[in-house]
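# Coordinate inspection notes
Given next are the chains, with one letter for each unit.
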Amino acid sequence: MAPISAADIPTLSLLYKLKKLNASRLAPVQGATPTHNDRIGLIRGDITSLQVGAIVNAANNSLLGGGGVDGAIHRAAGPSLLAECRTLNGCQTGSSKITSAYSLPCKKVIHTVGPIYDDIRPDNSERALKGCYTSSLNLAVKNGLKTIAFSGISTGIYGYPSLDAAMVACETVKNFLDRDKTIDKVVFVTFEEKDVRAYNQVLPRFFPPNTKTSTEQEKAAEEQKAEAEAKVGQLPDVPTTDPADADYAQKKQKHENNK
Ligand code: ADP
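Report on the accompanying structure. As the structure is a prediction and not an experimental result, all values here were calculated from the model. Residue numbers here run from 1 along each chain, matching the order of that chain's written sequence. Local features in this predicted model are restricted to residues whose pLDDT is 70 or higher, and side-chain atom pairs enter the listing and the counts only when it is 80 or higher, whereas totals over whole chains, interfaces and linings include all residues. Hydrogens and water are ignored here; the side-chain numbers use all heavy atoms of the structure.

### Description of a negative patch on the surface
Which entries qualify depends on this criterion: To count toward a patch, a residue needs a relative accessible area over 30% and no salt bridge; like charges are then connected within 9 Å, while nonpolar side chains (Val, Leu, Ile, Met, Phe, Trp, Tyr) are connected within 5 Å. To measure how exposed things are, a 1.4 Å probe is used in the Shrake-Rupley method; for residues, cover is taken only from the protein chains shown. Between Lys or Arg on one side and Asp or Glu on the other, a salt bridge is scored when a side-chain nitrogen of the former is within 4 Å of a carboxyl oxygen of the latter. For the charge count, each Lys or Arg is scored as positive and each Asp or Glu as negative, with His and the chain ends excluded. A charge is said to be at NZ when it belongs to Lys, at CZ for Arg, at CG for Asp and at CD for Glu. Think of it this way: any DSSP run of H or I at least four residues long counts as a helix, any run of E at least two long counts as a strand, and we number them from the N terminus. Buried residues are those whose accessible area, probed at 1.4 Å on protein chains only, stays under 20% of the maximum for their type, while exposed residues exceed 50% and partly exposed ones sit between those limits.
Residues Glu222, Glu223, Glu227 and Glu229 make up a contiguous surface patch of negative charge. Along the chain, Glu222 falls in helix α7 (residues 214–234). With a relative accessible area of 54%, Glu222 lands in the exposed category.

In structure tokens:
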């Protein structure tokens, strides 16, 4: 399969424009903003075909390969990936480690270990899943990578409900992008239908479409300018003489008269 470059992965802005993604009927979450819509990508397919800075593997604690996306990544990268993973001494749940990508078209592979979903203690699972996204994003920044593509961490064999997992993924990525200026694109890669549906539902609640058209944006800018000009009109006139000078002239005159 021909690799897909980062630039060819559709952004949320484009998906909204093409009506492939629609505004949510539910209220947006607090702090929701369209600001990042050019920095978020969404694609359904095999993560091993993406020519991005890093792809994020849903690994297990041993980092020695497994099923699902982990198996697909190791098959596509070749045996050198496993050889490097053997040197890493595993990885804790909620943390991430980075390796070379070998035969993959991406530059690096970030291996993160998602939680096995615990429905008795969902808060623990949520904390760990947040850790996966944050630690992966931090590793990308540290390694100077500009684009990063996430598989649906924990939503396969580890049983995290897709909708809840998408909420955690979107919230964590939004909080990160609010602060970060270095990452160009964060891509969510969906594979199964249930995750496609979950992301279509959740993404618009965190990253709503920009409802202002360009003419509306221009009109808003004009209004702002007019408002600023009106405020300028209310300011007192700029003095044309130096007040110190005027005072001095008066005193001088008085002095002359008293002579
Ligand atoms: P986990 O054990 O963390 O649940 P899985 O590998 O079982 O990891 O699944 C993680 C996610 O990766 C799931 O959403 C699954 O549908 C998806 N997935 C599986 N194979 C691929 C692939 N080749 N490319 C992208 N995503 C994949």
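### A closer look at the packing of helix α4 (residues 122–142) against helix α5 (residues 162–179)
Heads up, the rule is: Throughout, an axis means a line fitted to C-alpha atoms (over the contacting stretch in the case of helices), and angles, computed between N-to-C directions, take values from 0 to 180 degrees. Put simply, angles under 35 degrees are roughly parallel, angles over 145 are roughly antiparallel, angles from 65 to 115 are roughly perpendicular, and the rest are oblique. We call a crossing left-handed when the near helix sits turned anticlockwise from the far one by less than a right angle, and right-handed when that turn is clockwise. The contact definition used throughout considers only heavy atoms, calling two residues in contact when any of these lie within 4.5 Å. Only Asp, Glu, Lys and Arg are considered charged, only Ala, Val, Leu, Ile, Met, Phe, Trp, Tyr, Cys and Pro nonpolar, and every remaining residue, Gly among them, polar.
Viewed as axis vectors pointing N to C, α4 and α5 meet at an angle of 40 degrees, and their least axial separation amounts to 9 Å. Between α4 and α5, the angle falls in the class oblique. Between α4 and α5 lies a crossing whose hand is right-handed. Of the residues in α5, those touching α4 at Glu126, Leu129, Lys130, Tyr133, Thr134, Leu137, Asn138 and Val141 are Ala165, Val168, Ala169, Glu171, Thr172, Val173 and Phe176. Here the contact of α4 with α5 is built from residues that sort into nine nonpolar, three polar and three charged.

### Here we look at the sheet that holds strand β6 (residues 108–113)
The test is simple: One requirement defines pairing of two strands: DSSP has to find at least two bridges between them.
If you walk across this open sheet you meet the six strands as β2-β8-β7-β4-β6-β5, and the pairing is mixed. The open sheet has two edge strands with one neighbour each: β2 (40–44) and β5 (96–100). The sheet shows a mean angle of 25 degrees between the axes of neighbouring strands, direction not considered. The pairing of β2 with strand β8 (residues 185–190) spans five bridges and is classified as parallel. Residue pairing for β8: Gly41 is matched across the bridge by Val187. Across the face of the sheet, α4 comes into contact with β4 (54–59), β5, β6, β7 (147–150) and β8 while running at roughly 155 degrees to β6. Strands β2 and β8 of the sheet are contacted by helix α6 (residues 193–206), whose axis makes an angle of about 155 degrees with β2.

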